[in-house]
Amino acid sequence: MTESMTELQAREEICRVGRSLFERGYVHGTAGNISVRLDDSQGGGFLITPTDACLGFLDPARLARLDAQAHQLSGDRASKTIALHAHIYCAARQFDPEVRCVVHTHSTHCVALSLRTQASAQEELLAALTPYFVMKVGRVPVIPYHRPGALEAVQQVAQAIGRYGEAGTPIRAVMLARLGPNVWHDSPAAAMAALEELEETARLACLGAEAPEPLTESQIEELRQNFGARW
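Residues numbered from 1 in each chain as written. Predicted model: local features only at pLDDT ≥ 70, side-chain atom pairs only at ≥ 80, totals over all residues. Heavy atoms only, no water.

Trainee: Give a detailed account of the overall build of the protein, specifying residues and quantitative values.
Mentor: Within the protein, the secondary structure is distributed over 8 helices and 8 strands. Taking 231 residues into account, the globule formula puts the C-alpha radius of gyration at 17 Å, and the protein, at 17 Å, falls close to it. With the C-alpha coordinates of the protein rotated into their principal frame, the extents come out at 50 × 40 × 35 Å. The buried share among the 231 residues of the protein stands at 48%. Of the contacts formed within the protein by residues at least 6 apart in sequence, a portion of 64% connects residues at least 24 apart. As displayed, the protein offers around 11,500 Å² of accessible surface, 52% of which is attributable to carbon and sulfur atoms. Taken together, the 21 basic and 27 acidic charged side chains of the protein have centroids lying 2 Å from each other. (Helix = DSSP H or I, 4+ residues; strand = E, 2+ residues; numbered from the N terminus. Rg over C-alpha atoms; globule rule 2.2 N^0.38 Å. Buried < 20%, exposed > 50% of the residue type's maximum accessible area, 1.4 Å probe, protein only. Contact = heavy atoms within 4.5 Å. Areas by Shrake-Rupley, 256 points an atom, 1.4 Å probe, with all protein chains shown as cover. Lys, Arg positive; Asp, Glu negative; His and termini not counted. Charge placed at Lys NZ, Arg CZ, Asp CG, Glu CD.)

Trainee: Account for the nonpolar core, with residues named and values stated.
Mentor: Judged by nonpolar contacts, the single largest core of 39 residues is most densely connected at Leu21, Ile34, Leu125, Val140 and Leu198. Those elements that provide at least two residues to this core are α1 (7-23), β1 (33-37), β5 (101-104), α3 (108-115), β7 (173-176) and α7 (188-205). In terms of residues, this core owes the most to one element, α7, which gives 6 residues. Each residue touching Leu198, except ones within four places of it in the same chain, is listed here: Cys110, Leu125, Leu126, Phe133, Val137, Val140, Ala173, Pro181 and Val183. Counting residues in hydrophobic clusters, the runner-up holds 24 residues, among them Ile88, Val157, Ile161 and Val174. (Core = buried A, V, L, I, M, F, W, Y, C linked by side-chain atoms within 4.5 Å.)

Trainee: I'd love a proper account of the packing of α3 against α7, names of residues and values included.
Mentor: Orientation of α3 relative to α7, taken along the N-to-C sense of each, is 50°, at an axis distance of 7 Å. By the angle class used here, α3 and α7 are oblique. Read as a crossing pair, α3 and α7 show a hand that is left-handed. Taking contact as the criterion, the partners of Thr108, His109, Cys110 and Leu113 in α3 are, on α7, Leu198, Glu199, Ala202, Arg203 and Ala205. Among the residues making up the contact of α3 with α7, the classes are represented as 5 nonpolar, 2 polar and 2 charged. (Axes fitted to C-alpha atoms, helices over the stretch in contact; angles between N-to-C directions. Parallel < 35°, antiparallel > 145°, perpendicular 65-115°, else oblique. Left-handed = near helix turned anticlockwise from the far one by under 90°. Nonpolar A, V, L, I, M, F, W, Y, C, P; charged D, E, K, R; others polar.)

Trainee: An account of the sheet that holds β5 is needed here, citing residue identities and associated values.
Mentor: As summarised here, the arrangement of the 8 strands in space is β4-β3-β2-β1-β5-β8-β7-β6, forming an open sheet in which the pairing is mixed. Of all the strands in the sheet, the pair left with one neighbour each is β4 (72-74) and β6 (142-143). Bridging between β1 and β5 involves 4 bridges; their strand directions are antiparallel. Pairing of Val36 across the sheet is with Cys101, part of β5. Docked against the sheet, α7 engages β1, β5, β7 and β8 (180-185), running at close to 140° with respect to β8. (Pairing = 2+ DSSP bridges.)

Trainee: An account of the pattern of salt bridges is requested, with residue identities and associated values reported.
Mentor: Considering all chains together, one arrives at 11 salt bridges under this definition. Glu7 is the salt-bridge partner of Arg65, the closest N and O atoms lying 3.3 Å from each other. Taken together, the residues Arg65 in strand β3 (residues 64-66) and Glu7 in helix α1 connect sequence positions 58 residues apart. Connected via shared salt-bridge partners are Arg37, Asp39, Glu98 and Arg100. (Salt bridge = Lys/Arg side-chain N within 4 Å of Asp/Glu carboxyl O.)

Trainee: Tell me about the packing of aromatic side chains, residues and numbers included.
Mentor: Per the counting criterion, the structure on display carries 2 aromatic pairs. Between Phe22 and Phe57 the ring centres are 5.6 Å apart and the planes differ by 65°, which places this aromatic pair in the edge-to-face class. One end of the pair, Phe22, is in helix α1; the other, Phe57, is in the loop between β2 (46-48) and β3, with 35 residues separating them in the sequence. Residue Phe22 is classed as partly exposed on the basis of its relative accessible area of 25%. The class for Phe57 is exposed, based on a relative accessible area of 66%. (Phe/Tyr/Trp six-rings, centres within 6.5 Å; stacked < 30°, edge-to-face > 60°.)

Trainee: Which residues make up the environment of Ala193, and what values do they have?
Mentor: Note on placement: Ala193 falls in helix α7. Sequence separation of Ala193 and Val183 is 10 residues, and the distance between their C-alpha atoms is 9.6 Å.

Trainee: Residue-level account of empty space enclosed by the protein, with values.
Mentor: Following the criterion strictly, the structure yields 3 cavities of 30 Å³ or more and no others. Estimated volume of the largest cavity: approximately 50 Å³. Along the walls of the largest cavity sit Ser4, Met5, Ala10, Val36, Arg37, Leu38, Asp39 and Arg100, which together make up its complete lining. Each residue belonging to the lining of the largest cavity can be placed in one class, and the counts come to 4 nonpolar, 1 polar and 3 charged. (1 Å grid on protein atoms, 1.4 Å probe; cavity = no way out; pocket = protein on both sides within 12 Å on 5 of 7 lines; lining within 4 Å. Points joined across faces, edges and corners; volume = space filled by probe spheres on them.)

These results come straight from atomic positions and should not be treated as a statement about function.
This is the structure in structure tokens:
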């Protein structure tokens, strides 16, 4: 059992992990987000990186603070992915009560692997390629592509966590096709380590070449309508 962090420690650790991920290329621009579930002794609820924040330049005092229902209490506006994070905590803690952190990145090789025709048709992102992938990460189900923030993706992630957990193989990561992995663990440092192992395994799997399949016109049109995409 990992000792729980104070809110101040959690704020500092989110920023440390975010900076490390950014400096080593696991995230870029304003992509990615990190959240921590605070224990009841710290008032409960969540901390999460703000919307459109660069993980390399986070300010501990400006992280979004939310209550147990994910309603914002203070800080900059929370990342729109808080709904997904909240569902991950709820579903994953049924099988691992110590889950305290979720990290989401757009890690290059994980995303690249999900673009491949063969990989996109698979239920899981990777086979058991290395022992440390098996030990540190485990199975990573692929969630079919939905636009960022889509409720369908949130529901499918929660269903996948429940399905694997009930089968006796609890997971600690899912892959959102064309977007990136979400990884959860008992601390930001442990979640980051699992993310690193996942990305390294994806990099190994990507050493072969295959042309990725593009988005369909209907998927592109949805992005135009929802986000004003210039395509």
